[in-house]
Amino acid sequence: MLHQVKKSKKKTDDRKNFIMPVYGSRDLEEPIPKYSMPEGSIDPRHAYALVKDELMLDGNSRLNLATFVTTWMEDEARQLMTDTFDKNMIDKDEYPQTAELEDRCVHILSDLYNVPDESEACGCSTTGSSEAAMLCGMALKWKWRDRMKDKGKATDKPNLIISTSVQVCWEKFCRYWEVEPRFVPVSDGHYSMKTADVIKACDENTIGVVAILGTTHTGEFEPVEKYNDALEKFNSETGYEIPLHVDAASGGFIAPFLTPKLKWDFRLKWVKSINVSGHKYGLVYPGVGWAIWRNTEELPEDLVFRVNYLGGEMPTFALNFSRPGNQIVAQYYNFIRLGREGYTRILQSCMDTANFIKESLEETNVFQSLIPKLHMPLITFRIKKDIKVDFDVFQISEMLRHRGWLVPAYTMPENCEDDEVLRIVIKEGMSMDMAHLLMKDMKRILQKFEEEPDKLKSTKGTLKQC
Ligand SMILES: *Cc1c(COP(=O)(O)O)cnc(C)c1O
């Protein structure tokens, strides 16, 4: 109110005196509180400028080589997403066609993952793999509890077999849903669970084993088929029915295209559910993910809610209620736009770029990849163990950041925490040309360290340039 009075008085003055109303405006002369709601309103253009300017301090998402999440989509996809921002995917009765597209995506993924019976395709969209992990984990817990009840056994000590290299969502699942996490250690040079260790950790209270298709640390595909065969033997010997869940957050959109013969999905008997992130190599902006079950039997009925507030009665299984529908629309767009051929081409090109970077890093004679052959377009590398240098990976990460490249440095999980590594994830939008520029910057940094080691060392943490 106050503001409007002020504005109408000054309106003509403002027009006359300021060519850049955004920066010259009276509105911005008065400080706007950051942590409490301002009393008055401001012009939308000013609000836009204020927020947008502040966000300039964020990293450039296109140079963000830390994330697996999509940072580039083509204009038509952006347009379609903008067109459908206003649709709430939960309003299935009001937006039946968005619901239909979600359903088609579930079918497409079920088919891609070779469900035994397409007519029993069963799954849902989520906000990402984390929510999908919660849903699939709950289904595992519920199924296990039913089996135990049938046998008249106690159901108070469920456990889940996971690798120490597991993504944090599985630790969250265990804590939130009161399941004991049984960690199977990975070791230096061997970053996936050993089959024998997996079986050793299992008992009658095991609700499932999580296999990772594309680990967060090294991008390796765990040997799902080996786990399956070992579980087949173990289950038949013990009478247990311990299932496998595959966390295919990134690998679920890579393996079907680049290694279609690799058996990791519902072709394997004990794989009962799969999670995948649509916003990783599904190539959609965040956040969309998918939970897919082998068939309807694997999703206990009492986890599904049927609500009719919005007209019609819709079965839903989700932690959220309202959620944007436009990411589902974009996922469907990608499926029909790219097809198998398009996904294969894009992923192959990401792999080529990743392999180029891996080779260039190894040519420096300073770095080595943690694994000899990449499974995904992701390179985790360390400073060679047999050389002595005056810098560490954290300084390299810092210096790359001065050029805008966001390349994280971190320590590997328990058992191999001596390994300090850098990780580069290649996504669509990181061209070979940009990869060349990255490697040029990397070589310049190494040269700088060689020429001025003392100077660089003394300014550790606040390096100004490279
Ligand atoms: C990214 C990732 C997750 C979490 O996925 P979000 O979609 O970010 O919630 C889980 N597991 C693995 C292996 C991942 O790479």
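Residues numbered from 1 in each chain as written. Predicted model: local features only at pLDDT ≥ 70, side-chain atom pairs only at ≥ 80, totals over all residues. Heavy atoms only, no water.

Within an unreviewed UniProt entry, the label attached to the protein reads Glutamate decarboxylase, and the organism entered is Maridesulfovibrio hydrothermalis AM13 = DSM 14728. Quoted straight from UniProt, the Catalytic activity (unreviewed entry) entry for the protein says "L-glutamate + H(+) = 4-aminobutanoate + CO2". (UniProt positions renumbered as here; feature names shortened; annotations may be inferred.)

A.B. asks: What exactly am I supposed to notice about the sheet that holds strand β3 (residues 180-184) here?
C.D. replies: Sheet strands pair by backbone hydrogen bonding; their relative direction is either parallel or antiparallel. Pairing is mixed in the open sheet, where seven strands are placed in the order β1-β7-β6-β5-β4-β2-β3. The open sheet is flanked by β1 (122-126) and β3, the only strands paired with a single partner. Each adjacent strand pair in this sheet contributes to an overall mean axis angle of 20°, direction not counted. On top of the sheet, helix α7 (residues 168-176) reaches β2 (159-163), β3, β4 (206-212), β5 (244-247) and β6 (271-277); it is set at about 165° to β2, its chief contact. In the packing of helix α9 (residues 224-238) onto the sheet, contacts are made with β4, β5 and β6, and the angle to β5 comes to roughly 170°. (Pairing = 2+ DSSP bridges. Helix = DSSP H or I, 4+ residues; strand = E, 2+ residues; numbered from the N terminus. Axes fitted to C-alpha atoms, helices over the stretch in contact; angles between N-to-C directions. Contact = heavy atoms within 4.5 Å.)

A.B. asks: How should I be thinking about the site of the ligand in this particular structure?
C.D. replies: Around the ligand, a shell composed of 14 residues is seen, among which Ser129, Ser130, Asp247, His279 and Lys280 lie nearest. Take serine 130: an N or O atom from its side chain is 2.6 Å from an oxygen atom of the ligand. At 2.8 Å from an oxygen atom of the ligand is found a side-chain nitrogen or oxygen belonging to lysine 280. Look at the ligand: alone it shows 380 Å² of surface, and the protein chains cover 88% of it. Residue classes in the shell around the ligand are distributed as three nonpolar, nine polar and two charged. (Near = heavy atom within 4 Å. Polar contact = N/O pair within 3.5 Å; in protein donor to acceptor, adjacent residues only side chain to side chain. Areas by Shrake-Rupley, 256 points an atom, 1.4 Å probe, with all protein chains shown as cover. Nonpolar A, V, L, I, M, F, W, Y, C, P; charged D, E, K, R; others polar.)

A.B. asks: Just checking my understanding: could you explain the UniProt feature "modified residue: N6-(pyridoxal phosphate)lysine" (unreviewed entry) in the protein for this structure?
C.D. replies: Mapped onto this structure's residue numbering, the UniProt feature "modified residue: N6-(pyridoxal phosphate)lysine" (unreviewed entry) falls at Lys280. Mapped onto the elements, lysine 280 comes out in the loop between β6 and β7 (289-293). The exposure class of lysine 280 is buried, given its relative accessible area of 14%. Apart from residues lying up to four places away in sequence, lysine 280 is in contact with Phe68, Val69, Thr70, Ala249 and Ser250. (Buried < 20%, exposed > 50% of the residue type's maximum accessible area, 1.4 Å probe, protein only.)

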